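Chain by chain, the residues:
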Amino acid sequence: MIEINLNGEAFEVAGDASLSTLIQGLDLEGKRYAIEVNEDIISRSEHGTYFLKAGDQVEVVQAIGGG
Amino acid sequence: MTQEIHTESPLVIAGKSYQSRLLVGTGKYKDLDETKLAIEASGAEIVTVAVRRTNIGQNPDEPNLLDVISPEKYTILPNTAGCYTAKDAVRTCRLARELLGGHDLVKLEVLGDQKTLFPDVTETLSAAETLIKDGFKVMVYTTDDPLVAKRLEDMGCVAVMPLGAPIGSGLGIRNPYNIKMILENAKVPILVDAGVGTASDATIAMELGCDGVLMNTAIAAARNPLLMAKAMRLAVECGRDAYLAGRMPRKLYASASSPIEGLIV
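Keep in mind it's a predicted model, so treat the numbers as computed, not measured.

Chemist: Give me the overall build of chain B: which residues, what numbers.
Modeler: Of the regular secondary structure elements, chain B holds 9 helices and 10 strands. In summary, chain B has a C-alpha radius of gyration of 20 Å against a globular reference of 18 Å for 265 residues, a match within 12%. With respect to the principal axes defined by its C-alpha atoms, chain B has extents near 85 × 40 × 35 Å. For chain B, the share of sequence-separated contacts (at least 6 apart) that also reach a separation of at least 24 residues comes to 65%. If the 28 positive side-chain charges of chain B are averaged to one point and the 32 negative ones to another, these points end up 3 Å apart.

Dropping the structure here:
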């Protein structure tokens, strides 16, 4: 296991986890979300081949009510 | 001039036409059901949303705003609310574009202070420049300063949205003369964003000649949001028609409506 920072909190994922693995684990498959790793957007098409490293700062965001 | 009572004057933003000149936010509603019904009652076609961290591990079946306010039905306008630096606003817009599958129309707001939520103009200018270079179509929230509004237009913002009063204050259009000056100089749509409290405020904005009005709290915080949404729809249409019709000149003294000729006295 490695530790990443997910939405501001420490979070453990498998050492070989891709962003797709992370999304599956979070039950977010098929939902509308966007991901940033270390302040870079990782587009949806790259999630399967983007492998997480220890210490990565990951942000998963969605749309919510706002003005 | 021919006298038409049916005016065909769509609002055009970034090349797309809209029949409704009322833009609404999706914040502060009781639940997603109320959000959906209020937005339907408002007749709005452009709907703002915020971008926030997904709650990790909390009820994956929780309905998502975009399941209720479908991007197929509405033009979704992601905002940068809560951003206090150009950098955060740009990051948020890039996330929004990814989230919405490449949709590049955004509402840029960079705030300066939590108490007033006034725009930080220097950070706003800087963020607008970066976003426009990056291919975004920027609708920008700003102060009611005519010079700043013109600068933002010249930079390439697709719409400039001066505040009528602070966000969520409901104080109405505090400086109609500044809004008028902004309108005189503008070649892009000018929308009043923030400050509307009730229907007459929206009408005043439209009578001044604004191209549209963006609001959230005035509807969401009304005792009956659905009824207020309808009132706002009518208020915006009403103000637009009055603007196009052209008001009579103001006079200090009376001018009789009934003819003097033929009086029996």
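Chemist: Tell me about the interface of chain B and chain A, residues and numbers included.
Modeler: Chain B puts 27 residues into the contact, and the matching count from chain A is 27 residues. Both faces considered, chain B and chain A share a buried interface measuring about 2,500 Å² in area, 55% of it formed by carbon and sulfur atoms. Between E39 of chain A and K87 of chain B there is a salt bridge, with the nearest N and O atoms lying 3.1 Å from each other. The residue makeup of the side of chain B that touches chain A, split by class, is 10 nonpolar, 8 polar and 9 charged. Pairing between strand β5 (residues 57-65) of chain A and strand β4 (residues 46-53) of chain B: 5 bridges, direction antiparallel. Looking across to β4 of chain B, one finds that I64 of chain A is bridged to A50 of chain B.

Chemist: Any chance you could break down the sheet that holds strand β7 (residues 137-142) of chain B for me, citing the residues and the numbers?
Modeler: Residues and elements named next belong to chain B. Pairing within the open sheet is parallel, and its 3 strands lie in the order β6-β7-β8. Each edge of the open sheet is held by one strand with a lone partner, namely β6 (105-108) and β8 (159-162). Adjacent strand axes in the sheet meet at a mean angle of 20° when their direction is disregarded. Running at roughly 175° to β7, helix α4 (residues 121-133) makes contact with β6 and β7 of the sheet.

Chemist: A description of the nonpolar core should follow, citing residues and the corresponding values.
Modeler: Residue and element names in this part refer to chain B. Counting 66 residues, the largest nonpolar core has L108, V138, L152, V196, M215, I219 and M232 as the members making the most contacts within it. Of the residues forming this core, the biggest block, 7 residues, is contributed by helix α3 (residues 86-99). The contact partners of I219, leaving out residues within four places of it in the chain, are V24, Y29, A38, P225, M228, A229 and M232.

Chemist: Tell me about the pattern of salt bridges, and name the residues and values.
Modeler: A complete count under the given rule lists 16 salt bridges over all chains for this structure. Between R91 of chain B and E39 of chain A there is a salt bridge whose closest N-O contact spans 3.6 Å. Taken together, the residues span two chains, with R91 of chain B in helix α3 and E39 of chain A in the loop between β3 (34-37) and β4 (40-42). E39 of chain A gets classed as partly exposed once you look at its relative accessible area, which sits at 41%. Salt bridges linked by common partners bring E36 and E39 of chain A together with K87 and R91 of chain B together as one network.

Chemist: Please give an account of the environment of H6 of chain B that cites residues and values.
Modeler: All names here are of chain B. Structurally, H6 can be placed in the segment before β1 (11-13). On the basis of relative accessibility, which here comes to 65%, the residue H6 falls in the exposed class. The sequence separation of H6 and D241 amounts to 235 residues, and the corresponding C-alpha distance is 9.1 Å.

Here is what the cut-offs are and how they apply
- Residues numbered from 1 in each chain as written.
- Chains lettered and ligands numbered in written order.
- Predicted model: local features only at pLDDT ≥ 70, side-chain atom pairs only at ≥ 80, totals over all residues.
- Heavy atoms only, no water.
- Helix = DSSP H or I, 4+ residues; strand = E, 2+ residues; numbered from the N terminus.
- Rg over C-alpha atoms; globule rule 2.2 N^0.38 Å.
- Contact = heavy atoms within 4.5 Å.
- Lys, Arg positive; Asp, Glu negative; His and termini not counted.
- Charge placed at Lys NZ, Arg CZ, Asp CG, Glu CD.
- Buried area = accessible area lost by both parts, 1.4 Å probe.
- Salt bridge = Lys/Arg side-chain N within 4 Å of Asp/Glu carboxyl O.
- Nonpolar A, V, L, I, M, F, W, Y, C, P; charged D, E, K, R; others polar.
- Pairing = 2+ DSSP bridges.
- Axes fitted to C-alpha atoms, helices over the stretch in contact; angles between N-to-C directions.
- Core = buried A, V, L, I, M, F, W, Y, C linked by side-chain atoms within 4.5 Å.
- Buried < 20%, exposed > 50% of the residue type's maximum accessible area, 1.4 Å probe, protein only.

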